[in-house]
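Results of the structural survey
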Amino acid sequence: MTAFLSDAWFDKVAELTAAAGDLNTPATLANIIMNITVTGTEQGNVDLAINGGKLEKGHNAGASTTLTMPGDVLRKVFLEFDMNAAMQAFMSGQIKAAGDMTKLMALQTARPSSEQKALFQQVLAIS
């Protein structure tokens, strides 16, 4: 088991993503680049990006939206695809958003491909 959001975790995520090949990412996700700052982790605040439906270490200069949230919320929303948890976290202030809100709205309706779901199940297994 790798510590969630550690450098080793990001390395393993990159390895799993490369091995997964074509993720058949739906257009609504393929066009989204969004930065996320995860707070309260063992490593302090951790920056990552969603780029074309994939998780990347660090912020992406091309992102027009930045979210800030705790690690447990990130796990539920972006790895488990729990949209109810996303709405609750947003309404309770656990998710803070800055920038282009249309990108955030696009995420609400986006449905990951079966290939993406399989990849994120593998990512959950190492977390």
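Scroll up a little and you will see the structure.
Nothing here was measured: the structure is a model prediction, and the numbers come from that model. (Residues numbered from 1 in each chain as written. Predicted model: local features only at pLDDT ≥ 70, side-chain atom pairs only at ≥ 80, totals over all residues. Heavy atoms only, no water.)

Time to look at the overall build of the protein. A tally of helices and strands in the protein yields 6 helices and 5 strands. Helices and strands appear in the protein in the N-to-C order α-α-β-β-β-β-α-α-β-α-α. Here the protein has a C-alpha radius of gyration of 13 Å; the compact-globule value for 127 residues is 14 Å, and the two agree. Taken over the C-alpha atoms alone, the protein extends approximately 35 × 35 × 30 Å along its principal axes. Across the 127 residues in the protein, those meeting the buried criterion constitute 40%. Counting only contacts in the protein whose residues sit at least 6 apart along the sequence, the fraction spanning at least 24 positions is 70%. Surface summary for the protein: the accessible area is close to 6500 Å², and the carbon and sulfur share equals 53%. Between the averaged position of the 9 positive side-chain charges in the protein and that of its 12 negative side-chain charges there is a distance of 4 Å. (Helix = DSSP H or I, 4+ residues; strand = E, 2+ residues; numbered from the N terminus. Rg over C-alpha atoms; globule rule 2.2 N^0.38 Å. Buried < 20%, exposed > 50% of the residue type's maximum accessible area, 1.4 Å probe, protein only. Contact = heavy atoms within 4.5 Å. Areas by Shrake-Rupley, 256 points an atom, 1.4 Å probe, with all protein chains shown as cover. Lys, Arg positive; Asp, Glu negative; His and termini not counted. Charge placed at Lys NZ, Arg CZ, Asp CG, Glu CD.)

The next point concerns the side chain of Thr-17. Locating Thr-17 in the fold gives a position in helix α1 (residues 7–20). On the basis of relative accessibility, which here comes to 12%, the residue Thr-17 falls in the buried class. A polar side-chain atom of Thr-17 sits 2.8 Å from the main-chain carbonyl oxygen of Val-13. In contact with Thr-17, other than residues within four places in its own chain, are Lys-54 and Leu-119. (Polar contact = N/O pair within 3.5 Å; in protein donor to acceptor, adjacent residues only side chain to side chain.)

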